[in-house]
Every structure is written in structure tokens, then in C-alpha cells.
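Residue-level structure breakdown
One letter stands for each residue in the lines below.
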Amino acid sequence: MERLLAQLCGSSAAWPLPLWEGDTTGHCFTQLVLSALPHALLAVLSACYLGTPRSPDYILPCSPGWRLRLAASFLLSVFPLLDLLPVALPPGAGPGPIGLEVLAGCVAAVAWISHSLALWVLAHSPHGHSRGPLALALVALLPAPALVLTVLWHCQRGTLLPPLLPGPMARLCLLILQLAALLAYALGWAAPGGPREPWAQEPLLPEDQEPEVAEDGESWLSRFSYAWLAPLLARGACGELRQPQDICRLPHRLQPTYLARVFQAHWQEGARLWRALYGAFGRCYLALGLLKLVGTMLGFSGPLLLSLLVGFLEEGQEPLSHGLLYALGLAGGAVLGAVLQNQYGYEVYKVTLQARGAVLNILYCKALQLGPSRPPTGEALNLLGTDSERLLNFAGSFHEAWGLPLQLAITLYLLYQQVGVAFVGGLILALLLVPVNKVIATRIMASNQEMLQHKDARVKLVTELLSGIRVIKFCGWEQALGARVEACRARELGRLRVIKYLDAACVYLWAALPVVISIVIFITYVLMGHQLTATKVFTALALVRMLILPLNNFPWVINGLLEAKVSLDRIQLFLDLPNHNPQAYYSPDPPAEPSTVLELHGALFSWDPVGTSLETFISHLEVKKGMLVGIVGKVGCGKSSLLAAIAGELHRLRGHVAVRGLSKGFGLATQEPWIQFATIRDNILFGKTFDAQLYKEVLEACALNDDLSILPAGDQTEVGEKGVTLSGGQRARIALARAVYQEKELYLLDDPLAAVDADVANHLLHRCILGMLSYTTRLLCTHRTEYLERADAVLLMEAGRLIRAGPPSEILPLVQAVPKAWAENGQESDSATAQSVQNPEKTKEGLEEEQSTSGRLLQEESKKEGAVALHVYQAYWKAVGQGLALAILFSLLLMQATRNAADWWLSHWISQLKAENSSQEAQPSTSPASMGLFSPQLLLFSPGNLYIPVFPLPKAAPNGSSDIRFYLTVYATIAGVNSLCTLLRAVLFAAGTLQAAATLHRRLLHRVLMAPVTFFNATPTGRILNRFSSDVACADDSLPFILNILLANAAGLLGLLAVLGSGLPWLLLLLPPLSIMYYHVQRHYRASSRELRRLGSLTLSPLYSHLADTLAGLSVLRATGATYRFEEENLRLLELNQRCQFATSATMQWLDIRLQLMGAAVVSAIAGIALVQHQQGLANPGLVGLSLSYALSLTGLLSGLVSSFTQTEAMLVSVERLEEYTCDLPQEPQGQPLQLP
């Protein structure tokens, strides 16, 4: 290496890369380090943007700024090639050997050619509306110092003095031209990227254009750098992520249709879910374990190379090539490790999304196939929201389950290398605490299972409450039912309280265990007759810190696996419910008689599979084609059960059921009309093609014309969920119209005349049942026996048995006639003319307030934009309680202060030992450090990194047992106080988050219960349930978890900065540029992260609503054959939600790789400076080691701070959504007297 550098630079082998030559930097150093390296970085970074998608609608020319940058880049690619011509001229062209000049010139030319192409691509992409990526522009300006230093070299060498030589003069002129071109490039970047007005008016994504497809077709550089996310992030920065369609489309492997097809290939009814998931996605997931293994091994390479580098600097006897190899290995290992770890996290989440898509789809498909035994809607929604997410946490825990023991084994081996068998004492103590962690994890799992049951009960109760909100408000039961919900919530919070305080115990053990184990190891080491030295103390402390991470994390990994097992069992139980199976339910052969449409023989039906509920028995029933069959009987005699049995909604225990034309389905009108949250026309069409003539006939037959004439938008008027904005008779007639419009051959009509008055009922009978449906087979269940006189046959039911069947003249006299007074006065008047009389409030409010003139009732769910507002933070602060929140912050600062005090005491101990040591050692560091990094030889230690000494370490002089006892006693006392502060902080934090969880839910419930009925008319139940389920769960668990990490990172950063500022102020010079870079990256990320999180919650509500809607109308869906259409709709909604989930994960990885590479760049720069100082004889190994270790810990801490802050802000979106309902919902007037006209 030395000979190669000496030959390239024309220098001596002893000094191959001189830093200084006279009064300026060495030309070889300038060309290789300051010119070739930045140009190489520019070439690589520019290549990452070559795959940026072009805007298809781009027709305008580039803006002046882009054109100036393109022209400057082209000139800068030509000038280095022209600069090679004078090198061939007579001697004096200089300033370096021809090989060096050719190498530097060619690298520069290639870099600027690559950059020119990248600029052209970016100018014709969405980046053309702005200045483009900031990092690319900054890297393009990095070669400027090399050009300035070369110009200074020419000035000092007298190039401008006579005699003027053509070679040097030509090169100097080209250098000045390059500087001018670089200045023009900077001016082009400073100019606005595009015209302001068009950019402000035209969105980055036109309305008629689909967004780009994520990842597919991208180059490997684009995949590793996530350059393909540039259009999405640009839309986020411009505030144009307003709807899910603005997000990039999913790659092919994540498309729900593809996932459903792959999963169905491994799924069969009755199979185990985990086996199907493994068959579909398991092999790819297991292969990612190799990626994790390589990344873990690279994590060990970093500290080893650091120790080798410091050893090289300390000894000073190895050749320079070794030092360069160590530095390059350090930089390469850091970059490669960051890329591999990042890609591992990204690919694991993609597999998780694949499994999520498959699980949510199979859950919905199962809901479509459920038999009569169905779980409550709230429980099904919890399976969709909570249990599916917990199940998928398995993906992140499984590889950790073997990765953590591997790290533990390597750490134990390194600890054995330091203190021998003395580490066994501390290990035994740690192992004794493992059962404690296991007990805690078991208790948490048990409490978690109970909490999920209470959560199911609460969501189920809220679902029922929202379903009957009109009755509740009419009767004034808000407080009573609200108290019931609060009781369920109290039981749920009781289990959550146990979980949070057990979490606090784990936090305390995590903080106290390192100190206790260290003291046990030191005492054991001294009792074995060894002398305790500072080297042993700090080596043991660093390794014990590394030992604690696997020991503490492993129980939580196991706990995550156990939670996944609990949710898997719950989902499996749902999937194992009996299916609706028409092939087994109905006879495969149609009725023997061609004229027979329906035949039942010896058929016994029940609502449960074992027949414990009321049974329905039909000895024999035969219905001919075109007949009108009436079904009569007392209340509860089984009339509706008979129709449900024919529709296949009961369990057939025995007997024979044959239906002709079964594949065509039934026309079904249920006793409780099922209405979708859609327009009246969409409800009637129900997916069928619009036929104007048929539609007109249906409206006339179902007496809907008068009703539609008074609605704001006619049949385009949206009705509320379950038709709450309509009267009972209107709902019944719309449901009947839907059935009639489907044009089936067999109709099952369950008392459609009960909810209408006599005139309307008479109209429906003659115009619809005896009119449009006269050529079909009809089974009409009704109490209005006077309407069955024209029936072909009448069935008399009693106690679930068919006791008589015959013509109306024989059967109707056996049924008690309904008094005319009841028929005329007791029924709801449902005619259109009586609408305003019966429901004046509906006419006034429903037509003027609930709906706009366009008839649109369903409003798009509101979504905040921009940063999370300050009032959201204030709301959470108040929910915790001001006194409790201040106590949490005070205990946090006290914990960090005592930790720094413990480090200061260890630093003082080192100083005393070194003062007594007569041997020559490296200059000790007198500054404390929050990570326990003090001695020059041990400055390589930082959290998450391992170290093994590979060079001789000087030994401290023996010290007396009294000194050891004194130092250990003081250290143990400070550490004990620190542990108590940690326990106090953990307990207070748990209490504060529990208080916030209780307060937020209580306020939300109160405001929702006090909202007017118009709010529930215009708001789907799923949207409200999303607040009570997912958002409340986030405020209960996810937000406190991330907020805890954020506070710990912030306190750790404050402590670290305090130590750096007091001990090594010069290191603070790195903070301003580092802070600027971190600020720009995280700001660019947060702008999109917030909106993606909001859109994720926004797209989850329709999934909830769709599942709840499906379960409510399952019998109608099956009867009309609409299950396939609803399954397609579920896939569409799932695709939108998966888009948001995928984009959120990808942007997090985009942030992570940039933060990691920034940290690697800082460490690499310090290592390079160390080598330069070593060549000058100025290197201080202790100072270099301190710089490297602090650079590692500081960048890691800043990375954790940015990540935890952005995640906390994303989680606060749930609090924002809760506060939106808590503060913005309209409220009913309370305590005001009723004003009567």
C-alpha cells in the first residue's frame, strides 16, 4: 500500500501521503482525499436518482435554475478531460505525476457525467417543481475546497509570474473556469425550482393519474437508498397527501389479490392458520434470518476494528497500509451493517404485510361463510383490529428469539476473557432473575388475555349502544348505558394497570441489574485473590451492559411470541366456526316435479348445531311455481325461522330441502330491513346494472315515488347507516324494492307490510306482490291476514311446527282476525303525504341540516393536516395531570443526574488509581461520560457495541482492600440511589399513562353519548368504533411505550451533552452541522409520516364498517348472490389500508438508512483524520478512541431521538382523533325546558 501510494504521488515510501507541502496542503492529499473521494461519492449518489420516475404530464421546459445547473454540470464533466491535455505538454505543467492527474480527472469526469444525467432525470420528475434533493446539491459542492487549494498552489508556485508557461497557465485557467461553473451551479440551485403559481395550483399528482408503483422495476441502488420514495415524500412535503389514492401503489408481491391467491393455495377449511401462513410466506421469512445473522456479525466487526485502529495509533509500529485497512474496514463495515440491518427490517415488515393482508382477507371471507353460530360484531372487529396486529408481532420476535441468545453467548465469552471465572457470580445472579422476568412475562400475558376479553365486552357494548342510539336517546338512557360502558372500561383498566406496573418492575430490573451484577463480579474477583484494576472495572462494566440487553429483552421477545399465540388461538377459534355450506344444506337434486320450486320433507332446523334452541320441524311442504304462499301464526311460532330455514340461515339437523334454480338465489326481504350507508338508488340496484324502465316500475310498485319527491336529491339522497334517516316503513319498502329489482324466481318476504299503514300496504299487495311479482313464487309471512285472501295457499305455524296447510278459506278462519282499529290507528302512517305530520323534526332537520342540497349525507372523515397541533400535546398533558406530569419529568432528570454522578465517581476512581500508578500510561480522560467510557483503552465501549482487547493494556498498581471497599461502597450507594430514582420514574410514568388512558376514554364516551342524533345519522358506526377500538388501544399501550423511549432518549442526550460540554468542548463543534443534517432529514420525513399515519387510521374505519355491515346483512348478501362483490370491495379497502401501512414502513426505513449512514460517515471521517494526524505524529490514541466512541454513541442517540419523536408524533394522531370527537362534536342542549308550540 505504501509503495503504491508513493508511486502514485511521487513521494517516498516512508511518507507516501504528505499532508503539507510548504505553506499549503500536499497536492496528492488534495487530489485523492479532497477531490477523488467527493467525486466518487457524487457519482454513487447521482446514480441512486437515475431511476426516479418521470412525470408523464411534464410538458413545460425546465426552470432557469435547473437549466443553469444542467449546463454547469455538463461543463464540469468536460473541463477535467480538457485538463488532461496540458499534462502531456513539456515539464512544468504539474503539479503532480501524470498517473495521479489522470486518476483524479477521470473520476471527476465520470462523476459529473453521472450527475448531469441525474439532474436531467430529476428535472423531468416531480422534483422539477422544487430545487431537488438537498443532499445531492451539497455533495456536488464538496470538490470546491480541492479546486481552491489547487489554485492557491499555483499562486504560491508563481504560475502567473514570467516566464509564463502554456501548460501551467492552461491548467490554472481551467481551474478558474471550474470554480466559475461550480459557482454557477450553486446559483442555479439557489434559484427557485419552478414557477410559484403553477406549482401552487397544480398538484404533483393530477386527479386522473394513478400514483407510481412502489419499488417494482427499481434499480438496486434505488432500492437500498429508497430513492423511489422521492415522489411520495415530495407530495408529503407539499401537503398533497390528502387521500389514500395519493400514496404510491403497492408492489406486486403486496397486492391483496395476489396475496389471497397465494394464501388460498395453502389454505383449506379446517386447516391450521399458522401452517397456511408458513406455506405461503414462511420460506421467505426464514431466509431473512441469514440477513440478520450477517448483520449481527457485522455488529461485532465494528468494535474489533476500532480496537485494532486504536492499537495501530498507540503502538505506531505497524505500516500505514494496516491503518488504512482498519479505517476502510471500519467505514465499510459501518455502511454495510447499516444497509443490511435496514434491509432486514424492511423485508421483515414486507413479509408482515403479506401475512396481514392474507389474515385480514381470510377473516372477511370467513365472515361471509359463517353459519348461524356467529360471534358478536364487536368481537369480530377486535379480531380484525387488535388480534391480527398482535399475531403479526410474531414476525419481529421470532428471529430475535435466536439472535439474542447468540449475542449473549458471545458477550459471555468476552467477559470470561476479562475476569475469568469471576463472571460466573454475576451470571448466576442474572440467571436467578430470569425466572422473575418469566413470572412477570407470564402475569403480563395472563392479564393481557383478560384485558382483551374486557375490551371485547366493551367494544361489543359500544356497538350495541350505537346501534340503538335513537331508542337510548328517546328514553334518556345515556347515563345508565354510559355507566355500563364505564364499568367494562374500569375492568379493562384494572388489567391494564397490572400490566403497566409489571412493566415498571421490568424497567427497574433493567436499570438495577447491571450495577448489582458488576458489584457481584468485582467482589468475587477480589475474593479470588486477584487485584482489581481500572481496566478490569471498565471492561467488566461495558460487557455487563451488553450482557443485560439480551437478558432483559429475551423475556419480552418470548412474551411477544406468547401474545401472538393467544391471538392466533382466538383467530383460529373464529376460523373453526361452522360454515354456511349450501352444497351440504340443500339437496343436490331439484324437486322431482318440474312444476315444484320448493320441497321440504321431514326437515328439522335449529339455530344452534346441537338443537338446544327452539326447533322448526316441517314434515312435508311442496310449493309450486308461481304460487303465493302465506305463512301465519302467533308471535314466536316460527314463521321467520321457516323463511330463514329455506334461505339456509339455520342448521339443518335432518330431513330434505330441495330448491329449483338454487344458483339464481332468492329475493329476500327480512323482518328487520337491512339498509346500506349509500344512496337510495344504490340500495335498490345493489350492484345490478341500472335499467331505467325496470327501475321506474319497481319504484311505482313499492310506493316510493312520493317519498323520493320530498327528498333533497331524490333517489340520489344518501341514507344513514342501517337506514336511520328513514322511517320504518320507508326502510321496509326500500328493502322490498331491492329484492324486486333483483328479478329472482323465488321470493321470501318476511312481513314487509307490518311497518306501513293500510293504504300503502294495500298498494304494495296489489302493485308489487300480486303485480310485478305475480309470475314468481312468493312466500309471504304476515300478521295481516286480510291480505292473504288471494293467496294460493296458507301455512299455519305453531311452536315451530307446520300444523295446517291449505287454501285461505280453510286456514284464515282459524287465525284470530286483527281488529280494524289497530290496523288503522296503531300502525305507523307511512304515506308520503303524512311524512311531515308524523315526523316534522325529520322533515325540518333531516332535509335542511342532515343533508346538503346534493343529498349527500355521508361526509368524508375529517383528517388534520400538518404537524400535530400544540393543543394535542396539551390535551395529553392535562389527561396525565399537571402535578403527575411534572413529577415524571423531575424523576427522569434525577435518574439521569444520578447516572452521571455514578460515572463521575468512576472517573474519579480512575484518576486516583492512575495517580498511584508509577508505570507510563496514556493520558487519562478526566471527564465523566454517561456511557461509562473513560480510560483511553476503553473508550471504544458504547451501548450496543462489543469490544475485545487485541493489544497489550497497561496495568494499574495494586490497591488495598480498604480502597476497593471504599470505592465500591460509594459506587454502590450512588447506583442504589439511581435505581430508586429509576423505580420512582417507572412507577410514576405508569400511573400517569393510566390516568391519561382513563381520562381520554371517559371524555370521548361522554361527548359521543351527548351528541345529537344527526351526528349518528351522518357518521358510520365503524368510524366511531375505530375511535373506541384502535385509537383508544393506541393511547392505552402504543403511545406510552414510544413516549417512554422518547423521554429516555431525551434525558440521555441531555446527560451526554452535559458531559461532552464539560469534558471535551471541541467535540461540540460537530454538533451544528450534524444537527442541521438531522433536522432537514427528520423534517422531510415527518411531513409525510404524519399524513401517512392519519391516512392509515382513516382507511381502517371503512374496513371496520364494511365488516360490521357484512355481518348485519349476511342473509341478504347470500340470498342475492352478492358475496363476491362484497369480497371485492373488501380487497379494495384492504389495498388502500395496506398502501398506507407499507408507505409508513418504507418512509421509516428511508429515515433509518440516512441516519445510520450519517453516523457511519462521522465515524469514518474521525478515523480518516486520525490517520492523517498519525502521519504527522500528532495522533493521541486516547483522544481518537474517545472521539470515535462518542461519535458512535451520539449519532445512535440522535437517531433514537429522531425515530422515537417521529413515532411519538405519529402515535399522537390517535390522541388527536380522540380530541377531535371530544372537543368538536356538537352537543345536545342540556337542562333546557322543552318549548312546545
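Residues numbered from 1 in each chain as written. Predicted model: local features only at pLDDT ≥ 70, side-chain atom pairs only at ≥ 80, totals over all residues. Heavy atoms only, no water.

Here the structure, examined in full by the defined rule, presents 14 cavities of 30 Å³ or more. Roughly 230 Å³ of volume is contained in the second largest cavity. Lining the second largest cavity are 18 residues, with Q31, D83, L147, L175 and Q178 sitting closest to its centre. Taken together, the elements giving at least two residues each to the lining of the second largest cavity come down to α2 (27-48), α3 (64-83), α4 (98-123), α6 (144-156) and α7 (166-190). (1 Å grid on protein atoms, 1.4 Å probe; cavity = no way out; pocket = protein on both sides within 12 Å on 5 of 7 lines; lining within 4 Å. Points joined across faces, edges and corners; volume = space filled by probe spheres on them. Helix = DSSP H or I, 4+ residues; strand = E, 2+ residues; numbered from the N terminus.)

Okay, the side chain of N448 next. The residue N448 is located in helix α16 (residues 423-467) in this model. Among the polar contacts made by the side chain of N448, one reaches the side chain of E563 at a distance of 3.4 Å. (Polar contact = N/O pair within 3.5 Å; in protein donor to acceptor, adjacent residues only side chain to side chain.)

Attention now goes to the packing of α2 against α4. For the pair α2 and α4, interaxial distance at closest approach is 8 Å and the crossing angle is 25°. As judged from the angle between their axes, α2 and α4 are roughly parallel. Regarding α2 and α4, the two cross each other, and that crossing is left-handed. For the pair α2 and α4, contact is made by H27, C28, Q31, L32, A36, H39, A40, L42, A43, S46 and A47 and by L100, E101, L103, A104, V107, A108, A111, W112, S114, H115 and A118, respectively. Residue classes in the contact of α2 with α4 are distributed as 15 nonpolar, six polar and one charged. (Axes fitted to C-alpha atoms, helices over the stretch in contact; angles between N-to-C directions. Parallel < 35°, antiparallel > 145°, perpendicular 65-115°, else oblique. Left-handed = near helix turned anticlockwise from the far one by under 90°. Contact = heavy atoms within 4.5 Å. Nonpolar A, V, L, I, M, F, W, Y, C, P; charged D, E, K, R; others polar.)

Before going further, it helps to spend a moment on the packing of aromatic side chains. Across all of its chains, the model carries 17 aromatic pairs by this definition. A ring pair is formed by Y346 and F1142, whose centres lie 6.3 Å apart and whose planes are at 45°; its orientation type is tilted. Here F1142 lies in helix α38 (residues 1123-1176) and Y346 lies in helix α13 (residues 320-369), a separation of 796 residues in the sequence. Assessed through its relative accessible area of 1%, Y346 is described here as buried. Both rings, one in W674 and one in F1126, keep their centres 6.2 Å apart while their planes meet at 50°; by these two values the pair is tilted. Of this pair, W674 sits in the loop between β7 (667-669) and α22 (680-685) while F1126 sits in helix α38, and the two are 452 residues apart along the sequence. In terms of burial, W674 and F1126 fall into one category: buried. Its guanidinium or amino end placed over the ring of F686, R738 lies 5.5 Å from that ring's centre, counting from NZ or CZ. A cation sits over an aromatic face here: R1027 above Y1221, 4.1 Å from the ring centre. (Phe/Tyr/Trp six-rings, centres within 6.5 Å; stacked < 30°, edge-to-face > 60°. Buried < 20%, exposed > 50% of the residue type's maximum accessible area, 1.4 Å probe, protein only. Lys NZ or Arg CZ within 6 Å of the ring centre and 35° of its normal.)

So, about the environment of E697. Mapped onto the secondary structure, E697 falls in helix α23 (residues 692-701). By relative accessible area, which is 37% here, E697 ends up partly exposed. Here the alpha-carbon distance between E697 and Y741, two residues 44 residues apart in the chain, equals 9.1 Å.

Let's shift gears to a nonpolar patch on the surface. Together, Y416, V421, V424, I428, L432 and M528 line one region of the surface with nonpolar side chains, adding up to about 550 Å² of accessible area. With three residues, the top contributor of residues to the nonpolar patch is α16. With respect to the helices and strands, the residue M528 is situated in the loop between α18 (478-527) and α19 (534-575). (Patch = residues over 30% accessible without salt bridge, like charges linked within 9 Å, V, L, I, M, F, W, Y side chains within 5 Å. Areas by Shrake-Rupley, 256 points an atom, 1.4 Å probe, with all protein chains shown as cover. Salt bridge = Lys/Arg side-chain N within 4 Å of Asp/Glu carboxyl O.)

Moving on: α13. When the terminal C-alpha atoms of α13 are compared, their 73 Å separation across 50 residues agrees well with the 74 Å that a helix rising 1.5 Å per residue should span. The element α13 is extensively covered by neighbouring structure, given that 37 of its 50 residues are classed as buried. (Expected span 1.5 Å × (residues − 1).)

Time to look at unusual backbone geometry. For Y226, which is not glycine, the phi torsion reads 60° and is therefore positive. When you line up the elements, Y226 lands in the loop between α9 (220-225) and α10 (230-237). Its relative accessible area of 0% is what places Y226 among the buried residues.

What follows deals with the environment of D569. Relative to the assigned elements, D569 resides in helix α19. You can call D569 partly exposed: its relative accessible area is 39%. With 182 residues separating them along the chain, D569 and D387 place their C-alpha atoms 9.6 Å apart.

Taken as a whole and judged by the stated rule, the model has 27 salt bridges. A salt bridge links R489 to E492, with the shortest nitrogen-to-oxygen separation between them at 3.5 Å. Taken together, the residues R489 and E492, both in helix α18 and three residues apart, mark about one turn of the helix. Looking at R489, the relative accessible area reads 1%, which means it is buried. Residue E492 is classed as buried on the basis of its relative accessible area, which comes to 3%.

This next bit is on the side chain of T717. Relative to the elements of secondary structure, T717 occurs in the loop between α24 (705-710) and α25 (728-741). Among the residues examined, T717 registers a relative accessible area of 1% and is labelled buried. Within the local environment of T717, its side chain forms a polar contact with the backbone nitrogen of A713, the two atoms lying 3.1 Å apart.

Scored by pLDDT, the chain has a mean of 76; 77% of the residues are at 70 or more. The least confident element of the chain is helix α29 (residues 835-838), whose mean pLDDT is 35; the most confident is α23, at 92. Across residues 193-208 the pLDDT falls below 50, and counting only partners more than four positions away or on other chains, this stretch makes 26 contacts in the model. Per-residue pLDDT stays below 50 along residues 1233-1237; that stretch engages in zero contacts with residues further than four places along the chain or on separate chains. (pLDDT = per-residue confidence, 0-100.)

This part takes up the pairing of strand β8 (residues 746-750). Among the five residues of β8, five are classified as buried, and the element is accordingly described as predominantly covered. Residue alternation in β8 divides its side chains into two sets, L746, L748 and D750 and Y747 and L749, and both sets are buried. With three bridges joining them, β7 and β8 adopt parallel strand pairing. What sits directly across from L668, in β8, is L748. In this structure, β8 lies alongside strand β9 (residues 777-781), joined through five bridges in parallel fashion. Pairing of Y747 across the sheet is with R778, part of β9. Since β8 and β9 lie parallel, the crossover through helix α26 (residues 758-772) that links them has a hand, and here it is right-handed. (Pairing = 2+ DSSP bridges. Right-handed = clockwise from strand over helix to strand, strands pointing away.)

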